[in-house]
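Coordinate inspection notes
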Amino acid sequence: SHTVQSTRMSKKRTVEEDQSSASDASDDDVEADEVEGDDDDEEGEEVQVDFMAKVPCEEDFHGIKALLRMLFRASNIDLSGASDHIIAHANLSSVVKLDDGAEGASAAGAAAASAAAAATADDSDAVIEGYDATESKQSVYGMMSIVELSDRKAGTFQQQIVDWVLSRCADKAVKDKFSNSLSKGSCGLVFSERFTNIPFHVAVPLFKALLGDMADAKVNVDHVWMITKLYESTESMGLEDMGPGPERRKKKKESVVRYFINPEDELFEEKATAKFTFSLTAGEGADSDTKMYRTVLLLPFAAFTKVIYDMEAQFQVAFTAF
């Protein structure tokens, strides 16, 4: 298992995090929408939270399924089958939970982590078949796994995911690259999921643990697929002059920007040999106020590995493995 040390989490939600969770609240609403705590807590107070990456077990089924549902939304993919597979292949998987045994662990830390999960998942995501992401005792706040796609069988969740991905790719040349990665050599799909407010610092030890697990299990793949989450934000760029006249009117200039919900995914995108982006429809859980996207990446495994070690140097994350 791996401990992410000295991770601090704010008890106050940020504007960017609220946008990524598809909130239609105004900036003023977001500022007012704080996680409830003790009356003595100062606004925006930070508490230290230590997370532990653990081997998944049966009790993690609903937590894993909740995270997968946030990725695939209202698709017809067998997420129960996918969750069972991840648990059955626990030697290639990790789940993120609170490290209750860490020195300085506190009820406030547990409450902050629990509130982060609640703040970034809507009701349909937070509660799935009896799993409540706001209960802190055994909550799953993130997970990492790899699922081999090359030996998939008809009717399995692996085939459903492949069909779901390829059906969204409109560019034939790009689609052929993804298809070839399945038929020529071996290919794995990497799941790197966590609630949005959980700090990105947990990503490095999870990715490195995955590499170690693959080496121990002698699992070799030539390529990896990654399905990443993005949201679209409209940002103000000041005022634009509307032309001459006695009363020169001005209108607000705006720029539309897309952000990766997991910021480290941008590093993988830079090394992808093929990629495409598609938007979620209303039937898939998107709403009219926030546009949500998925970008699917194809990387050679060597490039995937290099990004992880570059990420470690860039983020300078300290962790202890034992």
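Residues numbered from 1 in each chain as written. Predicted model: local features only at pLDDT ≥ 70, side-chain atom pairs only at ≥ 80, totals over all residues. Heavy atoms only, no water.

Here's the deal with helix H8 (residues 172-183)
An ideal rise of 1.5 Å per residue puts 16 Å on twelve residues; H8 measures up with 16 Å between its terminal C-alpha atoms. A positive phi of about 90 degrees marks Gly185, the residue just after H8. (Helix = DSSP H or I, 4+ residues; strand = E, 2+ residues; numbered from the N terminus. Expected span 1.5 Å × (residues − 1).)

With respect to the pairing of strand E10 (residues 274-279)
By the alternation rule, side chains of E10 split into Ala274, Phe276 and Phe278, which are all buried, and Lys275, Thr277 and Ser279, of which none is buried. Sheet topology note: the E10/strand E11 (residues 292-300) ladder contains six bridges and is antiparallel. Bridging across to E11, Lys275 finds its partner in Leu297. (Buried < 20%, exposed > 50% of the residue type's maximum accessible area, 1.4 Å probe, protein only. Pairing = 2+ DSSP bridges.)

Brief notes about the nonpolar core
If you look at the biggest cluster of nonpolar residues, it comprises 72 residues, and the most contacted ones within it are Phe72, Phe191, Phe207, Trp225, Phe268 and Phe304. Discounting chain neighbours no more than four positions away, the residues touching Phe191 are Leu68, Leu71, Phe72, Ile86, Met143, Met144, Ser145, Val147 and Ile161. (Core = buried A, V, L, I, M, F, W, Y, C linked by side-chain atoms within 4.5 Å. Contact = heavy atoms within 4.5 Å.)

Examining the packing of aromatic side chains
Inspection of every chain in the model, using the stated rule, returns twelve aromatic pairs. Each ring, one from Phe51 and one from Tyr141, has its centre 5.9 Å from the other, and the planes form 70 degrees; the classification is edge-to-face. Here Phe51 is found in strand E2 (residues 46-54), whereas its partner Tyr141 is found in the loop between strand E5 (131-132) and strand E6 (142-148), with 90 residues between them in sequence. For the residue pair Phe51 and Tyr141, the accessibility class agrees, reading buried in each case. (Phe/Tyr/Trp six-rings, centres within 6.5 Å; stacked < 30°, edge-to-face > 60°.)

Focus on the pattern of salt bridges
Proximity of charged atoms lets side chains of opposite charge pair with each other. Scanning all chains against the criterion turns up ten salt bridges. Among the ionic pairs, Lys229 bridges to Glu193, the shortest N-O distance being 2.5 Å. With a gap of 36 residues between them, Lys229 in strand E8 (residues 223-241) and Glu193 in strand E7 (residues 187-194) connect regions that are remote in the sequence. In this structure, Lys229 and Glu193 share a single accessibility class: buried. A salt bridge links Asp310 to Lys306; its shortest N-O distance comes to 2.8 Å. Remark: Lys306 and Asp310 occur in helix H11 (residues 301-315); sequence separation between them is four residues, near one turn of the helix. Judged by relative accessible area, which is 37%, Asp310 ranks as partly exposed. (Salt bridge = Lys/Arg side-chain N within 4 Å of Asp/Glu carboxyl O.)

Considerations on the confidence of the model for the protein chain
The predicted model of the protein chain has a mean per-residue pLDDT of 75, with 61% of residues at 70 or higher. Counting contacts from residues 119-131, a segment whose pLDDT is below 50, to residues more than four positions away or on other chains yields 33 contacts. (pLDDT = per-residue confidence, 0-100.)

A few points about the environment of Phe276
By secondary structure assignment, the location of Phe276 is in strand E10. When the C-alpha atoms of Phe276 and Lys175 are compared, they prove to be 8.8 Å apart, with 101 residues separating the residues in sequence. Discounting chain neighbours no more than four positions away, the residues touching Phe276 are Val165, Arg168, Cys169, Val174, Phe178, Arg294, Thr295 and Val296.

Focus: the packing of helix H3 (residues 61-72) against helix H4 (residues 79-88)
Geometrically, a packed helix pair is captured by the angle between its two axes and the distance between the axes. It is at 9 Å that the axes of H3 and H4 come closest, and there the two elements cross at 125 degrees. Taken together, the axis directions place H3 and H4 in an arrangement best described as oblique. Of the two possible hands of crossing, H3 and H4 adopt the one that is right-handed. Mapping the contact onto sequence places Phe61, Ile64, Lys65, Leu68, Arg69 and Phe72 in H3 and Leu79, Ser80, Ala82, Ser83, Asp84, Ile86 and Ile87 in H4. For the contact of H3 with H4, the residue count by class is eight nonpolar, two polar and three charged. (Axes fitted to C-alpha atoms, helices over the stretch in contact; angles between N-to-C directions. Parallel < 35°, antiparallel > 145°, perpendicular 65-115°, else oblique. Left-handed = near helix turned anticlockwise from the far one by under 90°. Nonpolar A, V, L, I, M, F, W, Y, C, P; charged D, E, K, R; others polar.)

Observations regarding the side chain of Glu193
By relative accessible area, which is 4% here, Glu193 ends up buried. Polar side-chain contacts of Glu193 include one of 2.5 Å to the side chain of Lys229. Leave out the neighbours within four places in its chain, and Glu193 touches Leu67, Leu71, Gly142, Met143, Ile227 and Lys229. (Polar contact = N/O pair within 3.5 Å; in protein donor to acceptor, adjacent residues only side chain to side chain.)

Details of unusual backbone geometry
If you check the backbone angles, Lys218 has positive phi at about 55 degrees while not being a glycine. Inspection of the secondary structure puts Lys218 in the loop between helix H9 (203-216) and E8. The exposure class of Lys218 is exposed, given its relative accessible area of 69%.

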